[in-house]
Amino acid sequence: MLRRHRHAARLTLEQLAEASGVSARTLSDMERGRSKGPQQRTVTALADALDLTEADREQLVELAREGRLRDHWTRPTGPWELPRSVDDFTGRAAELAWTGDLVHAGDAPGVGLITGSAGLGKTTLAVRAAHALRRDFPDGVIFLDLFGMSARPLPVDEALDLLLRALGVADRQVPGERASLYRSLLRERRVLLVLDNAASEEQVRPLLPGGASKALVTSRRLLAGLEGVRRLSLGPLPLLAATELLTAILKDRGAPDEGSAILQLAQLCGGLPLALRIAGNRLVSRPGWDAADLAARLTNEERRLDQLRAGDLKIATAFGLSYEQLAAPTRQVFRRLALIPGRDLDAALAAVVAGTSTEGAWVALDELVDLGLLLDSTSGRYRFHDLVRLFARHRLQEEETAAERDALTVTMTSWLLRMATSAGRWFEPAYGGPESGLSSAEEADHWLRVNVDNWLGALRTAAIAGRHSAVLDCAESMDWFSDRWMHAPHWQEVFTLGAEAAAALDDPVRQARQLNLLAWVHLIPRDDPETALRYANQALDLATHSGATAQIASARHTGGGALRRLGRLDEATAAETQAAQMFKADGDIDSYAQCLGALGSCLRDAGHYAEALEQYLDLWALVNDEQSGMTPGITAFTRPIALARVGECLGLLGRRAEAIIKLTEAISLMEQAQLPAPQARALETLAALLADAGRTDESRDAYARAAEVYEAIGDTESSSRCRNLATAAS
C-alpha cells in the first residue's frame, strides 16, 4: 500500500518509523502486502509523517479502509466462519427454498448464482442460507468477499491462496499450481462456499467447486458466461414482505408507529431491503422520531436519496458503486434516461434521449441490465427501479448543465409528439399511412398504448412550454384512435390540453373540435351526460359563429348522445337526424354511419324495437357495402358494434336464438378489433339471453368473461355485478 504514495519514496523505512512512531516491522509488512488494512491511528500517523496533501491523505485512508474490510471477511479464522445472519431477516421464503433445493438435489448443478441490483440483499440472503445449510457440510462453510465492485477486485491467485488457507493449507505449503490443489481438496470434502460480490466470470470460474461441495455466488452482474450454474434473479420485496421487514426492524423501538405510516415507508423504499434497513435504523436510533414524519420526508423525490442514509449506510453509495463500473458512454446514457417521463422505455427512445444510434443504445442498455441498473422484460422494454431513477436524475443534474438538459428535453419531447401524432393519424379517415416508421395500424395502436406515459408526459411538457401547435396536432390525431381505447383514463387531459392550445392559437374551429371530443369523453368513458351536453353546446356556439359545418354536425351528434342519456329522446332524435343529414351532405360517411347507430339507440330506448332493428340493419348494410365510401379502419370498428346492436334488438323482440347467434359473432369480431368496452356489454347481454334459454353453464361463462373485460377497462362496478351473476348461475 505504501508504494502507491510518492511521498513514501523520500524517506527510508527507518526514517519513516522514527517520524511516525510506527514500528519498522509494521511498515515492512505493509510494504510487502502482508498487512493491507492498518488501523486508523496508524494511517493518521503515517499521513502526518509524510506531510500528505488532503487528497493524498483521503486516498491513503480509503485504501486502508478497503484493506481492513478485506481482512475482516477473508481472515482464515476457520471453515465455519461466516458473517452473522441478521436477527430480523424477513421474507425470501421461496429464495431460501431454492438454495435448499440446490444443495439437496443430487443431479442439480452444484453452483447457485444469485444476481440483482444494489440493495436487494444478495449477500444477506446467501449468508442466511449458508447458516441454515451448514449442517449439511461437515467439512465447513467458507465465506469470501471477491470485492467485485471495488477498483481492484480480488485477483484469482489471491482468492485461491485465501481459500487454500481456509481449507487448512499452510502458507509455506501452497504450491505454484494453486487451482489444481484447490480442486483436489474440494473433491475429497463436502464444503459450502459463499463467494460474495463476484466481478466477472473470469474471476469466479476457477473458484467453483466440484464433487460434493457446493457454492453460492452473488454478483450485481448477470455473469451470463458462466456455464453449469443455477440462476436466481433477486427482485425487490413485495409490499407485504417489505412491510414485515420494516416492522421487524422496529420491533424493539419504544415509540408506537401507525401501520399506515409503515406501509407508506415500505412503498417509498420500493421494496429494496437496504433502503428499508436504512429507514428502520434511522427510526430505531431516534426514538423521538415518528414514522409518518420520515415518510413525509421521503415523499420529496428531490431529497429522498439524501434521507436514505444511516451512519455509513447510504443507498446512493450502493448505486454509485455500480455507476462507476460503467463505461463513460453508458454512464451518459444511464443518467439521460432519467429525463424520460414514463415508467418504461425501448431502445428507440433511449437512442433519442441519449443522442446515439439505436445499436449504440442496445449496447448501453445491455450493460445497464447486466449491472442491475435497469430491469428488462421479454417485450423489449426497460424500466428503472424508482430509487435508481432518482439516482440517475441526481447524476444528470450533477454532470450535465441546465442548457444541456433543456436541449435534451426539447429533442425528446419533439420526437415523442411526432411519433404519437403520426401513430394517431393511422386511424384518421383523412390520412393514409403516415411517415413515422410504423408500418401498420396495428403497430401504431401498440406504440400508442405501450408508450402512453411517455407521449402524454411529452404533451404536458410541450403545453407548459407554450408549444401550442404541436400540442394541438397531437390531440387532434387522437380523435378516432380514442374510440379504440375509449376507457383509457387520460383522454380528458389530452383533449383539455388540445382545447387550451387551440384557444391560445385563436382557432375557434379547432377549439370546437376539441370541445366535441371532451363532450365524447364525458358521454362514453365518464357517463356524465350533463357535462357532455355543456361541452357540446360550447362547441356548437364556436362552430356556428365560424361557419364550420363539420363541427356543427359533430356538436349535434355528441349533444344528441347526451340528450339520449338524459332521457330527452325527442330532442336527441332531432339532433341526431340533423347531424346525419349534415354529415351525409358533406360526404363524411364515417360520421354519418355513427349517427345511424345513434338513431337506432334513440328508437330502442323509446321502446320502438322493430324500428330500432330496421335502423341497425341499415347501418349493417352500410358497413358491408364496399362502395359506401367508408374508411376501412372505421368500417372495422363499426361493423361489430352494429352487429351487436342487431343482436340486442332481436333479443328485445323475443327472437332469442337469432340474437344469441348475432351477439356471439359480434363478440368475436370485437375481440379481433380490440374493442373491450362494447365487448363487455355484448357479453353481459349474451349471458342474460343464455340464462333465459336455460343454457346455465354457457351463461355463467359469459358473465365471467364479461366480468374480466369490465375489470380490464377499470369498470369495477359492472365487473362486480357480472361476477355476482356468474356465481348465482353456478
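Scroll up a little and you will see the structure.
Basis of the calculations
- Residues numbered from 1 in each chain as written.
- Predicted model: local features only at pLDDT ≥ 70, side-chain atom pairs only at ≥ 80, totals over all residues.
- Heavy atoms only, no water.
- Helix = DSSP H or I, 4+ residues; strand = E, 2+ residues; numbered from the N terminus.
- Buried < 20%, exposed > 50% of the residue type's maximum accessible area, 1.4 Å probe, protein only.
- Contact = heavy atoms within 4.5 Å.
- Areas by Shrake-Rupley, 256 points an atom, 1.4 Å probe, with all protein chains shown as cover.
- Pairing = 2+ DSSP bridges.
- Axes fitted to C-alpha atoms, helices over the stretch in contact; angles between N-to-C directions.
- Core = buried A, V, L, I, M, F, W, Y, C linked by side-chain atoms within 4.5 Å.
- Expected span 1.5 Å × (residues − 1).
- Salt bridge = Lys/Arg side-chain N within 4 Å of Asp/Glu carboxyl O.

Q: Residues and numbers for the overall build of the chain, please.
A: Counting its secondary structure elements, the chain contains 36 helices and 10 strands. The burial tally for the chain puts 51% of its 730 residues in the buried class. When contacts within the chain are restricted to residue pairs at least 6 apart in sequence, those whose partners lie at least 24 apart make up 65%. For the chain, the exposed surface amounts to about 33100 Å²; the carbon and sulfur share of it is 49%.

Q: Would you mind going over the side chain of T90 in detail, with residue names and values included?
A: Of note, T90 is situated in the loop between α4 (54-74) and α5 (93-104). Aside from chain neighbours lying at most four places away, what touches T90 is A241, E244, L245 and A248.

Q: Could you give an account of the sheet that holds strand β3 (residues 192-196), naming the residues involved and the relevant values?
A: Sheet architecture is open: 5 strands sit in the order β2-β3-β4-β1-β5, paired in parallel fashion. Only two strands of the sheet have a single neighbouring strand rather than two, namely β2 (141-145) and β5 (230-233). Direction aside, neighbouring strands of the sheet carry axes that sit 15 degrees apart on average. Pairing analysis gives 4 bridges linking β3 to strand β4 (residues 214-219), with the strands arranged parallel. Across the sheet, the residue bridging to V194 is L216, located in β4.

Q: How would you summarise the pairing of strand β1 (residues 111-115) if you had to cite specific residues and measurements?
A: With 5 of its 5 residues buried, β1 lies for the most part within the structure. Here β1 shows no split at all, with V111, L113 and T115 on one side and G112 and I114 on the other all buried. With 5 bridges joining them, β1 and β4 adopt parallel strand pairing. Across the sheet, I114 pairs through a bridge with T218, a residue of β4. In this sheet, β5 lies alongside β1 in parallel orientation, the contact comprising 4 bridges.

Q: Talk me through the nonpolar core; I want residue IDs and the actual numbers.
A: For soluble globular proteins, nonpolar side chains are generally found buried alongside one another. Of all hydrophobic cores here, the largest spans 188 residues; its most connected members are F334, L337, W447, W455, M478 and W491. At 9 residues, the largest contribution of residues to this core is made by helix α32 (residues 632-652). Excluding its chain neighbours within four sequence positions, the residues that come into contact with L337 are L345, A350, V353, L365, L368, L374, F384 and R389. Of all hydrophobic cores here, the second largest spans 30 residues; its members include L154, L167, A179 and L195.

Q: Lay out helix α18 (residues 358-370) with the relevant residues and their values.
A: Under the 1.5 Å per step criterion, the end-to-end length of α18 is 18 Å for 13 residues, consistent within 8% with the ideal 18 Å. Where α18 is concerned, the buried positions are A361, A364, L365, L368, V369 and D370. Among the structural elements, α16 (328-336), β8 (344-345), α17 (347-354), β9 (375-376) and β10 (382-383) are those in contact with the buried residues of α18. In the stretch just after α18, G372 is the one whose phi turns positive, near 80 degrees.

Q: Can you explain the pattern of salt bridges? Please cite residues and give values.
A: Inspection of every chain in the model, using the stated rule, returns 37 salt bridges. Across the pair E428 and R513 runs a salt bridge whose closest N-O atoms are separated by 3.2 Å. Linking E428 in the loop between α20 (402-425) and α21 (441-450) with R513 in helix α26 (residues 508-523), this pair joins segments that are 85 residues apart in sequence. Each member of the pair, E428 as well as R513, is classed as buried. Taken together, the shared-partner salt bridges connect R564, R604, D605, R645, E648 and R681 into one network.

Q: Hey, could you go over the pairing of β3 for me, with residue numbers and the actual values?
A: Taking burial as the measure, the 5 residues of β3 include 5 buried ones, the bulk of the element. The alternating pattern of β3 places L192, V194 and D196 on one face and L193 and L195 on the opposite face, and all of these are buried. Bridge count for β2 against β3 is 5 bridges, and the pairing is parallel. Bridge pairing links V141 to L192 in β3.

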